[in-house]
Amino acid sequence: MQRTAPRLTRILACAAVPVMLVVAGCSSDSGDGGSGAAGSKDKGSASASATPSPSQTTKTVEPAKFAKLPAACKAVVAKTTASLVPKAKTKNGTPAVSSDLGSRSGCSWNGLDDKGVKGSQYRWLDISFYRYESDAALGSGQERAQENLAKELAKIEQTPGARKVRTAAATGIGDEAKSVAYELRKTNEDFVYGSIVARTGNVLVLLSYNGAGYAGAPTPSDKTVMSGAVKAAKEAVAAVAAANK
């Protein structure tokens, strides 16, 4: 009975501290009342739990390299878009809808170059930017961009209806890049696609360029389409660095 008051005092004290501390400092109260050696042991346990172990410390990650994205519709110079997409409906490009332009943005151009009795040439260019922040739980921005490069590449390679899919390394574009060439039948015409997935620091650049010949016009060659995609992708990657100077 003499231990009742000290024990009650201890229980009330434990109830007043956060749950994590209650578990660490008060769970051993099932012993003999917290007096003597047992009480000293409890105090030691509480003190030890207050010092985070190495596994509890916050993980440090490499800072994200780039803090901003370029204006997507200006990332590829006007001279290049004019040569890749003659007769574009919107000369300055159509911006993609985005709720956070600091993390994702895009722009596209499309147009039909009507050559009369010689048929028409259709071209379409699309570019998207994705920026990843460094996060202790998810990894550095660079690591996250690298992981998503692999995911986006797989999506392109698995495009429904794609034929003759060919993936290759794209040298000279950012820190790493892959090109994917394929053909796709739509609107009763054969379209040729050249796609680039590139990473520069913590930014992922996705670019797609494709075209088709209508009304008897020849289908553009794989080489023509892919060389256009590579040129635009290099400019887009350079725009990321320029936006962060």
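Residues numbered from 1 in each chain as written. Predicted model: local features only at pLDDT ≥ 70, side-chain atom pairs only at ≥ 80, totals over all residues. Heavy atoms only, no water.

A. A look at the overall build of the chain. Of the regular secondary structure elements, the chain holds six helices and seven strands. Each helix (α) and strand (β) of the chain, taken in turn from the N terminus, gives the series α-α-α-α-β-β-β-α-β-β-β-β-α. For the chain, contacts bridging at least 24 residues in sequence account for 57% of all contacts bridging at least 6. Accessible surface for the chain amounts to roughly 14100 Å². Of this, 57% is attributable to carbon and sulfur atoms. (Helix = DSSP H or I, 4+ residues; strand = E, 2+ residues; numbered from the N terminus. Contact = heavy atoms within 4.5 Å. Areas by Shrake-Rupley, 256 points an atom, 1.4 Å probe, with all protein chains shown as cover.)

B. Spatial organisation of helix 5 (residues 141–157). Relative to the 24 Å expected for 17 residues at 1.5 Å per residue, helix 5 spans 24 Å between its end C-alpha atoms, a close match to the ideal helical length. For helix 5, every residue scored as buried is listed here: Gly141, Gln142, Ala145, Asn148, Leu149, Glu152, Leu153 and Ile156. The arc that holds every buried residue of helix 5, seen down its axis, measures 150°, which confines them to one face. Elements that come into contact with the buried residues of helix 5 comprise strand 4 (163–169), strand 5 (176–186), strand 6 (189–200) and strand 7 (203–214). (Expected span 1.5 Å × (residues − 1). Buried < 20%, exposed > 50% of the residue type's maximum accessible area, 1.4 Å probe, protein only. Arc of directions from axis to C-beta.)

C. Representation of the packing of aromatic side chains within the structure. Counting across every chain of the model gives three aromatic pairs. Relative to Tyr214, the ring of Phe191 has its centre 6.3 Å away and its plane inclined at 80°; by these criteria the two rings are edge-to-face. Residue Phe191 is found in strand 6, and its partner Tyr214 is found in strand 7; the two are separated by 23 residues along the sequence. An aromatic cluster of three or more residues is present, and its members are Tyr122, Phe191 and Tyr214. The aromatic ring of Phe191 is capped on one face by Lys186, whose charged end is 4.7 Å from the ring centroid. (Phe/Tyr/Trp six-rings, centres within 6.5 Å; stacked < 30°, edge-to-face > 60°. Lys NZ or Arg CZ within 6 Å of the ring centre and 35° of its normal.)

D. Representation of the side chain of Thr81. Along the polypeptide, Thr81 turns up in helix 4 (residues 78–84). On the accessibility criterion, Thr81 (5% relative accessible area) is buried. A polar atom in the side chain of Thr81 sits 3.0 Å from the backbone oxygen of Ala78. Those residues in contact with Thr81 that lie beyond four places of it in its chain are Val76, Lys91, Trp109 and Leu125. (Polar contact = N/O pair within 3.5 Å; in protein donor to acceptor, adjacent residues only side chain to side chain.)

E. Layout of the sheet that holds strand 5. Strands sit in the order 1-2-3-7-6-5-4 across an open sheet of seven strands; the sheet is antiparallel. Each edge of the sheet is formed by a strand with only one pairing partner; in this case those strands are strand 1 (94–95) and strand 4. In the packing of helix 5 onto the sheet, the strands contacted are strand 4, strand 5, strand 6 and strand 7, and the crossing angle to strand 6 comes to about 170°. The strands that helix 6 (residues 222–243) touches are strand 3 (120–131), strand 4, strand 5, strand 6 and strand 7; relative to strand 6, the one it contacts most, it runs at about 30°. (Pairing = 2+ DSSP bridges. Axes fitted to C-alpha atoms, helices over the stretch in contact; angles between N-to-C directions.)

F. Spotlight on the state of the cysteines. One pass over the full model with this rule turns up one disulfide. For Cys73, the disulfide goes to Cys107, at an S-S distance of 2.0 Å. Across the disulfide from Cys73 to Cys107, rotation about the S-S bond amounts to roughly 95°, and the bridge is consequently right-handed. In this pair, Cys73 is assigned in the loop between helix 3 (36–49) and helix 4 and Cys107 in strand 2 (residues 104–114), connecting sequence segments 34 residues apart. Assessed through its relative accessible area of 22%, Cys73 is described here as partly exposed. (Disulfide = S-S within 2.5 Å.)

G. Examining the environment of Val203 more closely. Relative to the helices and strands, Val203 resides in strand 7. The exposure class assigned to Val203 is buried, which follows from its relative accessible area of 0%. Once the C-alpha coordinates of Val203 and Val240 are considered, the two residues, 37 residues apart in sequence, prove to be 7.9 Å apart. In this view, Val203 contacts Phe66, Leu69, Phe129, Tyr130, Arg131, Ala145, Ala198 and Val240; residues no more than four positions away in its chain are not counted.

H. The arrangement of the environment of Glu133 in detail. Tracing the sequence through the fold places Glu133 in the loop between strand 3 and helix 5. Among the residues examined, Glu133 registers a relative accessible area of 43% and is labelled partly exposed. Along the primary structure Glu133 and Asn202 are separated by 69 residues, whereas in three dimensions their C-alpha atoms are 7.3 Å apart. A distance of 2.9 Å separates polar atoms of two side chains, one belonging to Glu133 and the other to Arg131.

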